[in-house]
Amino acid sequence: MKNHEGIQLQHIHKTYASNQVHACDDISLSLELGLKHIIVGENGAGKSTIMKILSGDIRPDSGKIFYRGAPVSLTHPEDALNLGIGMIHQVLHFFPELTVREHLILGMKDLKPLKKIDSESIDAHIAQICKTYNISFSPDEKVEHLDAVSRQLTALLALISRNVEVFILDEPPQEVLMIAQRLNEEGKTIIVITHNINDAISFGDEVTVLRGGTLQGSYETSTITREFLANRIMGDHDSQMLLSGGKKRLSHQSDSRDLIGNPLVILEHVSGGDLDSQDQVEDISLEVGQGETLAVVGIRDNGLKALESLVAGYKQSTYRQTSGRIRILGKRARESSYDEVGYIPSERLSTGGAVSMSVIENLIMPWRRDRALFRSSRIPIYSSKRLNKVAKDVIRDFSIKGSTQDSLLSLSGGNIQKLITARALHHEPQVLICADISWGLDIKTREALFNAIEVLKSRGMAVLFFTSEVNTAIDEADRIAILRRGRLVSIIKNTEKVTAQSIGEMML
Amino acid sequence: MSRLLHSLYLIVLFIVIIFTILLLISPEPVMAFEDFVTGPFSNIYNTGNLFAIAAILIICGTGVSISFQAGLFNLGGEAQIYSSALVGTLVGLALPEGSGFFGILVVIIISMITGAAIATISGFLRYRYHIHELISSFLLSGGLLSLTDFLISNTFRDSKSFLQTTSKLPESFYLPSILPPSNLTITILIACTVACILWFWLYKMAGGYEMRVFGLNKDFAEFGNISSRRYTILPLMINGACFGLAGALMILSTQHAAIVGFSAGYGWNGIVIALIAANNPIMTIPAAFLLAWVETGTRTAMAGSSVSLEMSEVIRGMILLMITLRFFKNRRSRS
Amino acid sequence: MIQSLMIYSLPIFLAALGGYLTDKAGILNIAIEGLILCGAFITFIFIYFLDSIFIAVIMAAVLTGLLSAGFAGLTMRFKGNIFITGLAMNLLIPGVITLISKRVFLTGGVLQITSTIVTTETLVLGFLFLSCMIYLISIYLLKNTQAGLLVRATGLNRRALEVRGGNPSRVQVLTFLFSGFMCGLSGAMLTLTVHAYVPNISSGKGWLALAAIYLGNQKATGLIYAVLFFAIAEVLANLAQGTFDLPSSLFVGFPYLVTFIGLIIRGMIDRTRRS
């Protein structure tokens, strides 16, 4: 028991009541203080769950937690924070209307309710931390006006000012990792959750691998190779896929044509977006031809989401087109029918479906008034037999784990994404608009989704793909359009010369 | 199986609550309890009245279920019943005396249109000006209630009657009776039909599907091009029409004239029924019988002991609290 | 004239102020109507048995506050919908009050206060002072202190507060405590000015208080305008009633209709401002 004074999790079990998934199955972990720990695993391996348990956000069904040798009870994030354990979530929770300063106050340990807020001393405090870690903030800035990375930094700032000893970071961006490195040098413990095995090996001291809710082992990074790690994460069979990624497709795309096929999607000088935020685009012109994938890469809240919404014609009350022309199959956004244009939105659980409704009900949404679903073509009453048949076909074709009557919520994230993709592709549309569909998914599911898209693409479907993941764009696209602060920097052919780094430099 | 246990548990808890209340307020709780439970079924008159009350409650509950499923709160039921019943009665009085079936139909339709129109105003305001329908429907209802009171007791008052009431409708407007001498008419059949039709629309047809999606997830509804205007206004319109129907049926089957305050409480009871039935139109039928039983049970118990009418109010509130607080659900997941 | 206006509008203002805070914390207290009744009844009980206005008012506020916090806490504990339990409270309270009243005072009707109490003038001045103080203090706390920041943060994003180690449910229960407290004061004022507990003494004032929050555009200053608006409407109603000799039943619903129209105008203004 060399880690007697560190963090120990013993026999942690957790089953989610909502979908009966065993997220943690008898996990026991020892984490030595003062080190950089990496938790890796596929989607649904239980990485976030075990760390949410450690940060008091989720209560385990059974198991014990020791901190510095003493048993602790963590029933609320407050408990963990009081011990000095803080977590920054992958999906940030923040108050858009409040300022950086107010966020910091809300994160403070001893709130004195009736005390007047002392802006000056807090600002001085912020300035001091910013100076130490070389970041810049205006305390009066509202957090809704910050970009995604700065928001992460605000959350980190709050933890630092609370004198947190153990930092848990769920899929942090590079900027946060850099500060984490500094914090570690000061003796703080860092726990990073990531998909990325390169990060894992280059950053961490110790790597812990989870698979399917069980512990696969902990290793010192100096003693292992990427291949070994991939093998532990995926199991023997699939590890090659993780190492090669989607890159295998690049070779047959190297003959990328100069001229695109018959253009199906045409954008001419399009401007607009959410006029109350940074999420806007200006003067965007591009074309997507038959049988090709154009990936638009950019930062989500910096024009990417706006462009997606404008092209899909979604949320027109928020995202307004101020000028320019959008034509899809010669029609305006949103005027095409479900068998002409398929849309896979970026928010899988809000825009993508109704969680309490069944698989069938979520599936038929776009073609709910299609006569093929009714008992007879004259009476608009649903035929259960026909509905069931459609749903069963889709479940079989996409090997979705779940039954037709299950609620969407009882499916895992990957299966939900499969369902949403299947819905968009079911009527073999000529154009597919899709956004970040692989976000947070494991390699196997990702491959399944892109293979399904590939089949229709080979029959002439044009794909407009919005993503913030440069690597996914390189793996899947024929051409890549790079968006920077709402403007199109350039559109390049995706040849072997294109690297993530070169695109990343153009984006930022 | 667990479902059966669940309902059994609910019934036991329900009985315990009633008994506890009786214990507190009645000198002879056992006798009062017996009156309460068996009273409604002791004679045809009481049983028929129970059915008659249930019929109106089914229609009100079904209507509220529809607006709840669309995520809309209609707190204006009181006036939607009351005012549309008055309008229906006035139209009925204006028709020739022997209008018979045709006259009944006209009264019903006019009342439904009036109820729908009142509720639609709140839907329109919600869609167009983002005014919360919960507040606007309540305020409009508050205004209309006193206006209706005024019209009945002044403008349209039957000067020959001691009551504050309009003139009576001629007998050709009476709905056929089922269990004389009780108040029960064919309303119970109409009510069950309405509940079934709306259930069918909700779960088996595209319009109902769209409305449920709209109620559950606005983003998903927008993704699927579901009109937010239609499903902010239509559910309230249906809800209002149901209340109008309830008002008309009360006039045509029991009251035969608009009397001041005759429908008080049914708007709120509609909400209670919808909540007990988890917004499922078919389930409003048992829920309505439960509440009608509490109501008639209280009345029969009242005759025999010192139980007062407020008891049904208290029981109703308790049922509502129990159902929403999900005492049962928690227990089930623990076991 | 001004005195009768105060008697009319102060109870609404007190209740609205409490409701405003719960709205700021993210969940509107819809049980205000019932809670006012509760406060009014408790006031009567304490005056009847202890014959002290001071104790009666304090107890009305405190006990109603506890009731409000209790039902909010239970609702959160059992993950219920606070709109619906609030509605249940509105149904329950009048029933329970009548049951108790029949058992203890042997009538379900008007309960007259027999002992002499202070003059109406003193009463109105006292409550006016009290509401101004509470208004100013609570707005100051909301805008300038960490407690206020907590309340606002809870209303903006519960989850975000939770991951920062805060306890949004506790904050919300506390705002319900405050709201109940204010309803208790509001009810006390009603009973004291009427010199009796009358069934349904709140007569929709709780609902008007809720409407005032929206009419005031969910802002603290808006609250004052909204209540002034009610007061003016009431004056006009009284004038009209006197001038045209119309029956009073017609005017019971007048405040609702005026508020309704006010809400529409407010909505229209907002709409033109947006576009």
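Residues numbered from 1 in each chain as written. Chains lettered and ligands numbered in written order. Predicted model: local features only at pLDDT ≥ 70, side-chain atom pairs only at ≥ 80, totals over all residues.

J.: Could you give an account of the environment of Pro281(B), with specific residues and numbers?
T.: Residues and elements named next belong to chain B. Mapped onto the elements, Pro281 comes out in the loop between helix H11 (266-276) and helix H12 (284-304). For the pair Pro281 and Leu291, spaced 10 residues apart in the sequence, the C-alpha separation amounts to 15 Å. Ignoring anything within four residues of it in the chain, the contact list for Pro281 reads Thr62, Ser65, Ala195, Leu198, Trp199 and Leu202. (Helix = DSSP H or I, 4+ residues; strand = E, 2+ residues; numbered from the N terminus. Contact = placed C-beta atoms within 7 Å.)

J.: If you had to explain the packing of H11(B) against helix H13 (residues 310-325) of chain B to someone new, which residues and values would you point to?
T.: Residue and element names in this part refer to chain B. The interhelical angle for the contact between H11 and H13, taken along N-to-C directions, is 35 degrees, at an axis separation of 10 Å. Our pair here, H11 against H13, has a crossing hand that is left-handed. Contact residues: H11 offers Val272, Leu275 and Ile276, while H13 offers Arg316, Ile319, Leu320, Ile323 and Thr324. (Axes fitted to C-alpha atoms, helices over the stretch in contact; angles between N-to-C directions. Left-handed = near helix turned anticlockwise from the far one by under 90°.)

J.: With reference to specific residues and values, describe the interface of chain B and chain C.
T.: With 37 residues of chain B at the contact, the number on the chain C side is 40 residues. Ranked by residues supplied to the side of chain B that touches chain C, first place goes to helix H6 (residues 133-155) of chain B with 15 residues. Classifying every residue of the side of chain B that touches chain C by side-chain character gives 20 nonpolar, 12 polar and five charged. (Nonpolar A, V, L, I, M, F, W, Y, C, P; charged D, E, K, R; others polar.)

J.: Give me the lowdown on the pairing of strand E16 (residues 431-435) of chain A, citing residues and values where you can.
T.: All names here are of chain A. Burial within E16 is extensive, with five of its five residues counted as buried. Across the two faces of E16 the burial is the same, with Val431, Ile433 and Ala435 and Leu432 and Cys434 all buried. Here five bridges tie E16 to strand E17 (residues 462-467), and the two strands are oriented parallel to one another. Within E17, the position partnered with Cys434 by the bridge is Phe465. (Buried ≥ 20, exposed ≤ 12 C-beta atoms within 10 Å, placed from the backbone. Pairing = 2+ DSSP bridges.)

J.: Run through the interface of chain C and chain A, naming residues and quoting values.
T.: Facing 18 residues of chain C, the contacting portion of chain A comprises 23 residues. Elements with a minimum of two residues in the side of chain C that touches chain A: helix H6 (146-156) and helix H7 (158-163) of chain C. Top element by residues in the side of chain C that touches chain A is H6(C). It accounts for six residues. Of the residues contributing to the side of chain C that touches chain A, the split by class is eight nonpolar, seven polar and three charged.

J.: Any details on the confidence of the model for chain C? Residues and values, ideally.
T.: Low pLDDT means the predicted atomic positions in that stretch should not be read closely. On average, residues of chain C carry a pLDDT of 88, and 100% of them reach 70 or more. Scored by ipTM, the complex comes to 0.84, with pTM at 0.84. (pLDDT = per-residue confidence, 0-100.)

J.: Can you break down the sheet that holds strand E9 (residues 206-211) of chain A residue by residue, with the values?
T.: All names here are of chain A. Read across the sheet, six strands follow the order E6-E7-E8-E3-E9-E10 without closing on themselves; strand pairing throughout is mixed. Of all strands in the sheet, those with a lone pairing partner are strand E6 (85-88) and strand E10 (214-220), marking the two edges. Ignoring which end each strand starts from, the neighbouring axes of this sheet average 20 degrees apart. Bridge count between E6 and strand E7 (residues 166-170): four bridges; the pairing is parallel. In the sheet register, Met87 faces E7, and the bridge partner there is Ile168. Helix-sheet contacts for helix H6 (residues 174-185) involve strand E3 (36-41), E7 and strand E8 (189-194), and the interaxial angle to E7 is about 165 degrees.

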